[in-house]
Amino acid sequence: MTGLGPDTGPAQTTVLTTAGGESLPPSLAVSGTAVPPAPAGAVTGTVWRRFTLRRPLAALIIQRLALSVALLFAVSLMIFGGVEALPGDFATTYLGQSGTPQAVENIRKDLGLDKPVTERYFSWLGGAVQGDFGTSWASRNSVSEQIGKRLGNSLFLAFFAALISVPLAVALGMLAVQYRNRLPDKIINVVSLAAISLPEFFIGYLLILFFAVQLGIATFPATVYDSMGLGERLSAIALPVATLVMVVLAHMMRMTRAAILNVMSSAYVETAELKGLGAFRIIARHAAPNAVAPVINVIALNLAYLVVGVVVVEVVFVYPGMGQYMVDAVTVRDMPVVQACGLIFAAFYIFLNMAADILAILANPRLRHPR
Amino acid sequence: MSDYKNYLADQVRMGKMNRRDFMGRALAAGVALSSASTLFATSAAAQEPKRGGHLKLGLEGGSATDSIDPAKATSQVMFLAVRTWGDTLVETHPTTRAPLPALAESWSPSPDATVWTFKIRKGVQFHDGKEMTTDDVVATLKRHSDEKAESGALGVMKSITSVENKDGDLVVTLASGNADLPQIFTDYHLVIQPNGGTDNPTAAIGTGAYKLASFDAGVRMTFEKNPNDWRSDRGYVDSIEVINMNDATARIAALSSGQVHFINRVDPKTVSLLTRAPNVQLLTTSGGGHYVFIMHCDTAPFDNADLRMALKYAIDREEMVTRILGGYGKVGNDFPINDTYALFPEGIEQRTYDADKAAFHFKKSGHSGPVLLRTSEVAFPGAVDASVLFQESAKKAGIEIEIKREPGDGYWSNVWNVQPFSASYWGSRATQDQFYSGAYLSTADWNDTRFKRPEFDKLLISARAELDEAKRKDMYRQMAMMVRDDGGTILPMFNDFVNASSKAVKGYVSDIGNDMSNGYVATRVWLDA
């Protein structure tokens with residue numbers, strides 16, 4: 001494996017810098033209204049058009065699925081290329097200073113690193129399509145099995161963070177609109193801006209300092225393992241969940257507020273006001289359904305972030321999730337693991353974006369027929 | 001034993017050790033040496049080891065890619081794990097590095113040190129209940145010296161030509177004489193496994209004080225006491241839990257909140273903060289690891305001996321130790337051996353910062369313009385700061401050093417051992433011979449200074465086979481002088497191993513062999529609640 005490219009390949013940037021949600025590459029940030037053109041073809045074209053008219057929702061889902069598969073394929077190429085372009089290869093990196101040239105050569109041959117790139121790519125892709133991600137080069141364990149465990153941990157953490165943050169964010173956002181430009185709105189704004197301005201490791205350290213070191217009431221580290229009961233697990237993840245809630249809350253809350261305010265200035269809301277409806281009723285019945293699309297998109301991005309982008313929180317709290325797993329693998333160029341993690345992360349983004357689009361359309365039928 | 005007491009007394013006389021350390025070490029050695037030693041048992045009756053309890057360690061240096069196979073154990077956490085569940089043939093003395101019997105009871109070399117006979121201990125059981133035999137030892141050594149193997153110990157095993165079981169004794173034949181063979185067998189990769197571990201390399205079955213109970217790479221592992229341990233002077237706690245904590249702040253928080261008993265890799269910058277916690281004690285040990293700036297002796301402009309000398313005089317070692325190591329280390333003298341090694345060549349003049357001499361040699365070298373130094377934080381902790389300090393002190397001598405900061409990722413494959421002038425780190429080895437053979441012999445795998453001197457090689461190989469200690473010591477002195485005055489290594493400092501523990505942890509042995517009490521911390525300490 002020689003002839004290596006620059007330090008950071010495109011795939012690496014795709015996977016590792018999706019931290020805030022905003023920095024998502026355009027190729028993945030599919031928005032609700034940008035429906036791609038239907039597959040071309042003379043006969044299938046008309047059949048497809050009729051199907052689109054009759055069942056717009058089903059057609060949309062099919063299109064999205066097809067697009068997702070294409071995207072995943074593209075991502076797999078980028079990931080493979082990116083890892084390939086990383087300087088240094090597995091054998092030298094893994095053995096480090098303790099390895100001799102002979103041992104390095106042995107490992108390379110053993111893993112088939114001497115084979116051409118294209119051959120390795122397609123044999124990997126073939127396995128991945130069947131759900132077999134191969135074995136880790138470093139630990140020689142099954143990648144699928146390992147990922148199953150780690151992904152479970154990540155989802156567990158993300159689930160509880162979402163369970164608290166999503167309703168809280170939406171409620172606070174609506175509250176802020178209700179009292180806009182008055183004291184509650186200002187407090188919510190200032191606090192959420194402060195929370196979003198602090199880096200997540202800093203929030204994490206502060207929580208650890210107060211609740212674990214000084215008060216001694218919280219569990220730290222948040223390491224979870226197989227033989228742990230649910231109660232123990234919940235107490236272990238209390239601090240990381242609190243950190244994540246603070247990190248994602250502001251983003252969703254502010255988007256909710258902005259989207260509703262945007263709708264509030266439109267003509268039909270004015271009409272509702274003139275009809276003499278109560279403020280809360282206007283927000284809930286008239287403004288919210290029209291504001292739901294951008295809010296759902298932001299929620300989806302933040303949910304994806306909770307699964308994919310929480311490496312820092314995992315490291316600070318010593319939590320065995322996917323992020324840490326992937327970073328460890330990148331460090332030693334353990335390709336099967338890096339690629340599998342990358343694909344799964346991409347799949348999460350694509351799935352959540354798709355779900356966001358579909359939900360937005362369900363909530364607001366006007367989006368079903370884009371002009 | 002009297003040698004050791006003299007050694008301790010010497011340390012006290014030289015002002016290197018206060019009374020408290022002296023007592024600590026004496027006690028520690030009693031634990032590590034033999035249970036038969038009544039001397040220490042009586043003098044330290046108040047500190048009788050306690051049994052029982054659950055020991056929790058928060059360690060840096062593990063990863064999801066770790067393998068439990070000892071041949072592939074490379075990380076700090078796996079080093080400790082292997083030491084906890086397995087035993088090697090030979091162990092090293094914690095303060096002198098002298099070889100001590102472990103699974104090998106005794107050994108004797110042939111007069112030219114090429115054929116070695118080891119008596120293997122009888123009646124030792126593996127964790128699965130099977131008795132350990134000489135055949136298991138032979139199989140283990142064969143596995144690690146196999147050219148096709150992917151063992152981390154392959155480098156030190158290369159000189160072995162045959163390993164045999166002769167009437168229950170282990171007979172090892174070498175290509176050329178090596179007086180240090182017993183020390184080679186202290187390498188942690190070489191733990192003895194049933195049938196050499198070839199049947200199931202990841203079963204983690206050994207003869208150690210603890211059995212591996214669960215293993216989750218990069219996350220956590222647990223150990224249970226081995227009820228059939230062949231030694232009674234170790235394995236005091238009932239169970240051990242190792243949690244992988246790669247974040248320095250997380251380790252400190254876990255220790256100061258009492259969630260773990262022991263942490264490794266304490267950053268010198270945070271030591272003062274950490275020791276403010278009432279229940280925390282600092283455990284430092286001087287070792288043979290060192291931070292270096294390496295120059296390729298065969299690449300311009302570093303192929304010029306005067307330029308190399310100029311740079312060696314242009315570095316302020318004292319300042320480096322104070323500012324980069326926070327005082328937890330010792331100044332280096334441009335050769336990779338310090339007084340933690342047996343047969344250390346004493347009395348070599350300490351090189352110090354001298355701007356005039358540096359300027360003189362720089363002018364004599366005929367070189368002009370800046371010298372490019374590549375550095376990165378992964379070379380050693382504080383490497384970038386150290387490079388800037390070097391740049392400043394060299395500037396005063398009229399030498400311009402240009403610093404290029406390299407990405408940490410890929411540093412070891414793209415910069416170290418590739419570029420002519422870079423920052424780097426070396427851990428210590430069991431013997432001087434191992435170190436020089438691995439990094440200074442012309443044909444060494446990791447000759448990262450391109451130091452190729454036939455007279456040095458000749459000296460090294462004859463010293464290796466020399467069984468007369470006085471003669472050997474003299475040879476090592478000559479070799480040290482060659483490296484110091486002609487080599488490509490600028491060696492400003494040897495770093496200490498800095499660990500910390502709760503005060504409930506007793507019996508910690510400051511073992512100069514390696515970090516974390518040479519990996520034995522979990523089997524040597526006990527908990528006093």
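Notes on the structure in this doc start here. No experiment lies behind these values; they were computed from the predicted model shown.

Rules used throughout
- Residues numbered from 1 in each chain as written.
- Chains lettered and ligands numbered in written order.
- Predicted model: local features only at pLDDT ≥ 70, side-chain atom pairs only at ≥ 80, totals over all residues.
- Heavy atoms only, no water.
- Helix = DSSP H or I, 4+ residues; strand = E, 2+ residues; numbered from the N terminus.
- Rg over C-alpha atoms; globule rule 2.2 N^0.38 Å.
- Buried < 20%, exposed > 50% of the residue type's maximum accessible area, 1.4 Å probe, protein only.
- Contact = heavy atoms within 4.5 Å.
- Areas by Shrake-Rupley, 256 points an atom, 1.4 Å probe, with all protein chains shown as cover.
- Lys, Arg positive; Asp, Glu negative; His and termini not counted.
- Charge placed at Lys NZ, Arg CZ, Asp CG, Glu CD.
- Axes fitted to C-alpha atoms, helices over the stretch in contact; angles between N-to-C directions.
- Parallel < 35°, antiparallel > 145°, perpendicular 65-115°, else oblique.
- Left-handed = near helix turned anticlockwise from the far one by under 90°.
- Nonpolar A, V, L, I, M, F, W, Y, C, P; charged D, E, K, R; others polar.
- Buried area = accessible area lost by both parts, 1.4 Å probe.
- Polar contact = N/O pair within 3.5 Å; in protein donor to acceptor, adjacent residues only side chain to side chain.
- Pairing = 2+ DSSP bridges.

## Quick word on the overall build of chain B
Then, number 1: In terms of helices and strands, chain B carries 19 helices and 19 strands.
Then, number 2: Relative to the compact-globule value of 24 Å for 529 residues, chain B shows a C-alpha radius of gyration of 23 Å, a close match.
Then, number 3: Principal-axis analysis of the C-alpha atoms places the extent of chain B at approximately 70 × 55 × 45 Å.
Then, number 4: Counting only residues that meet the buried cut, chain B has 59% of its 529 residues in that class.
Then, number 5: In chain B, the proportion of contacts linking residues at least 24 apart, taken out of those at least 6 apart, comes to 71%.
Then, number 6: Summing over all exposed atoms, chain B offers an accessible surface of approximately 20000 Å²; the carbon and sulfur share of this is 50%.
Then, number 7: For chain B, the distance from the average site of its 58 positive side-chain charges to the average site of its 66 negative ones is 3 Å.

## Looking at the environment of Met516 of chain B
Residues and elements named next belong to chain B.
Then, number 1: Locating Met516 in the fold gives a position in helix 18 (residues 515–518).
Then, number 2: Assessed through its relative accessible area of 0%, Met516 is described here as buried.
Then, number 3: Spatially, the C-alpha atom of Met516 lies 9.7 Å from that of Leu59, the residues being 457 residues apart in sequence.

## Focus on the packing of helix 9 (residues 200–214) of chain A against helix 11 (residues 238–264) of chain A
Residues and elements named next belong to chain A.
Then, number 1: Relative orientation of the contacting elements helix 9 and helix 11 amounts to 140°, with a least axis distance of 9 Å. In this view, helix 9 runs oblique relative to helix 11, as classed from their interaxial angle. The element helix 9 and its partner helix 11 pack so that their crossing is right-handed. Contacts between helix 9 and helix 11 involve Glu200, Ile203, Gly204, Leu207, Ile208 and Phe211 from the former and Leu239, Ala242, Thr243, Met246 and Val247 from the latter.
Then, number 2: Split into classes, the residues belonging to the contact of helix 9 with helix 11 amount to eight nonpolar, two polar and one charged.

## What about the interface of chain A and chain B?
Then, number 1: Contacts between the two partners involve 45 residues from chain A and, on the opposite side, 43 residues from chain B.
Then, number 2: Approximately 3400 Å² of surface area, both sides summed, lies buried where chain A meets chain B, with 55% of it carried by carbon and sulfur atoms.
Then, number 3: Our enumeration of links across chain A and chain B arrives at five residue pairs in polar contact (both at pLDDT 80 or more).
Then, number 4: Contributing elements (two or more residues each) for the side of chain A that touches chain B: helix 4 (90–95), helix 5 (101–111), helix 7 (143–178), helix 9, helix 14 (311–317) and helix 15 (322–331) of chain A.
Then, number 5: Examining the composition of the side of chain A that touches chain B, we find that six residues originate from one element, helix 5 of chain A, more than from any other.
Then, number 6: Counted by class, the side of chain A that touches chain B contains 24 nonpolar, 13 polar and eight charged residues.

## What to know about the sheet that holds strand 7 (residues 169–174) of chain B
The pairing of strands in a sheet happens through backbone hydrogen bonds and is either parallel or antiparallel.
All names here are of chain B.
Then, number 1: Across the sheet, four strands lie side by side as 4-5-7-6; this open sheet has antiparallel pairing. Edge positions in the sheet fall to strand 4 (104–109) and strand 6 (160–166), since each has one partner strand and no second. Averaged over all pairs of adjacent strands, the angle between strand axes in this sheet comes to 20°, irrespective of strand direction.
Then, number 2: With five bridges connecting them, strand 4 and strand 5 (residues 115–120) associate as antiparallel partners. Pairing of Trp107 across the sheet is with Phe118, part of strand 5.
Then, number 3: Those strands touched by helix 5 (residues 134–145) are strand 5, strand 6 and strand 7, and its axis lies near 170° from that of strand 6.

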